[in-house]
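# Breakdown of the fold
Residue strings, one per chain:
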Amino acid sequence: MPEPAGSDVRPYGRRAFLGVVALGLSSLAWGEPAWRALSSLLGPATGRVPGLDALPSPTGGWRIYNVNPPMPTFDRATWRLRIEGLVERPLELTYNELLALPRAEQVSDFHCVTGWSVEDVRWAGVRFGDLFEQARPLPSAKAVAFVSAEQPYVDTLTLEQALLPDAMLAYEMDGKPLAREHGAPARVVIPRMYGYKNVKWVERILLGEEAFDGYWEERGYDRDAWVGRSNGYG
Ligand SMILES: Nc1nc2c(c(=O)[nH]1)N[C@H]1C(S)=C(S)[C@@H](COP(=O)(O)O)O[C@H]1N2
Ligand SMILES: [Mo]
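What counts as what
Residues numbered from 1 in each chain as written. Chains lettered and ligands numbered in written order. Predicted model: local features only at pLDDT ≥ 70, side-chain atom pairs only at ≥ 80, totals over all residues. Heavy atoms only, no water. pLDDT = per-residue confidence, 0-100. Helix = DSSP H or I, 4+ residues; strand = E, 2+ residues; numbered from the N terminus. Contact = heavy atoms within 4.5 Å. Near = heavy atom within 4 Å. Areas by Shrake-Rupley, 256 points an atom, 1.4 Å probe, with all protein chains shown as cover. Nonpolar A, V, L, I, M, F, W, Y, C, P; charged D, E, K, R; others polar. Phe/Tyr/Trp six-rings, centres within 6.5 Å; stacked < 30°, edge-to-face > 60°. Buried < 20%, exposed > 50% of the residue type's maximum accessible area, 1.4 Å probe, protein only. Salt bridge = Lys/Arg side-chain N within 4 Å of Asp/Glu carboxyl O. Core = buried A, V, L, I, M, F, W, Y, C linked by side-chain atoms within 4.5 Å. Pairing = 2+ DSSP bridges. Axes fitted to C-alpha atoms, helices over the stretch in contact; angles between N-to-C directions.

### Quick word on the confidence of the model for the protein chain
Scored by pLDDT, the protein chain comes out at a mean of 84, with 76% of its residues at no less than 70. In the model of the protein chain, helix H1 (residues 14-27) stands out as the element of lowest mean pLDDT, 39, in contrast to strand E11 (residues 187-189), which has the highest, 99. Counting interchain partners and residues more than four positions distant, the pLDDT-below-50 stretch residues 2-30 has 45 contacts. A low-confidence stretch, residues 43-53 stays under pLDDT 50, and its non-local contacts, those more than four residues away or across chains, total 31 contacts.

The structure is reproduced here in structure tokens:
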């Protein structure tokens, strides 16, 4: 993905991100402190990070993106999805528990802001409404942050966007468990928005008060990444 014209190139403070996350894990109660830590860690305009290399994909049309190789690995026995922040009941789901939630299926097109698309992708997963039900978001929760196991990739949606009827946390693509390169075991799918909102390798979901800029928004792309209606530099 090319960088937006005019963005200045500065080294990116990944160490700062890792530090904030480690601090959050060890000493902060989940909730606003964690949310603030996450939203501030990206800081003001940063430059392009080397390593967004598109690998050739054997499956038609996809380009595999991974900002910080190697790709995360998935271990079915130890993997957990945490749902926390502004919720009544913070949750930790195993892979089996995720699969046991109400299953949703859809066929939708996928668009990267750089211009490539894949049509008629078959997804299976969980609608965010069903995913959040047991955690019970507080009335003050208006946004959702999706934290990838691939640090420092993170992005947010408003709760309203996450609850769109064709948005989901997907664990299957075209009839098979999500492949590693596509974000195994679970990724965001929101077809009305460009690919960069479709966070791969999701391992932590934080409910918070308002959306903040994610990885590519910090590099100039719109936070509301509506296909056909947001900016794009490709
Ligand atoms: N963790 C993570 N998620 C990510 C990305 C990434 O680099 N890392 N790239 C995004 C972009 S820009 C696109 S277009 C899609 C690409 O999905 P694919 O790699 O499954 O083809 O993933 C999105 N989610
Ligand atoms: Mo993309």
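### As for the site of ligand 1
Near ligand 1 you find 21 residues, and of these Arg63, Glu150, His182, Arg187 and Lys200 are the closest. When isolated, ligand 1 has an accessible area of 530 Å², and the protein chains bury 100% of it. Grouping the constituent residues of the shell around ligand 1 by class yields 11 nonpolar, five polar and five charged.

### Focus: the packing of aromatic side chains
Scanning all chains against the criterion turns up 14 aromatic pairs. Between Phe74 and Tyr95, the aromatic rings sit 5.0 Å apart at their centres with planes inclined by 65 degrees, giving edge-to-face as the arrangement. Within this pair, whereas Phe74 is found in the loop between strand E2 (63-64) and strand E3 (81-85), its partner Tyr95 is found in helix H3 (residues 95-100), the two being separated by 21 residues in sequence. Tyr95 sits in the buried class, given a relative accessible area of 6%. Between Tyr153 and Tyr215, the ring centres sit 5.2 Å apart and the planes meet at 20 degrees, which makes this aromatic pair stacked.

### Some points on the pattern of salt bridges
Under the criterion given, the structure shown has 10 salt bridges. Of the charged contacts in the structure, one is a salt bridge between Glu84 and Arg204, with a shortest N-O distance of 3.3 Å. Of this pair, Glu84 sits in strand E3 while Arg204 sits in strand E12 (residues 202-208), placing them 120 residues apart in sequence. No difference in accessibility class separates Glu84 from Arg204, as the two residues are buried. Its salt-bridge partner being Arg223, residue Asp213 comes within 2.8 Å of it at the nearest N-O pair. Of the two residues, Asp213 sits in the segment after E12 while Arg223 sits in the segment after E12, which places them 10 residues apart along the sequence.

### Describing the environment of Val67
Mapping Val67 onto the fold places it in the loop between E2 and E3. For Val67, a relative accessible area of 5% corresponds to the buried category. With 148 residues separating them along the chain, Val67 and Tyr215 place their C-alpha atoms 9.5 Å apart.

### Notes on the nonpolar core
Counting 43 residues, the largest nonpolar core has Leu81, Ile83, Leu98, Leu131, Ile205 and Leu207 as the members making the most contacts within it. Sorting the residues of this core by element identifies E3, strand E4 (91-93), H3, helix H4 (128-133), strand E7 (143-148), helix H5 (159-162), strand E9 (168-173) and E12 as the ones contributing at least two each. Setting aside residues no more than four positions away along its own chain, Leu81 makes contact with Leu91, Glu92, Leu93, Leu98, Leu131, Leu169, Val202, Glu203, Arg204 and Ile205. Among the nonpolar cores identified, the runner-up in size contains 17 residues, and Trp62, Cys112, Val121 and Trp123 belong to it.

### Quick notes on the sheet that holds E7
Pairing is mixed in the open sheet, where five strands are placed in the order E4-E3-E12-E7-E8. In the strand order of this sheet, the two ends are held by E4 and strand E8 (154-158), each with one partner. With direction set aside, neighbouring strand axes in the sheet form an average angle of 15 degrees.

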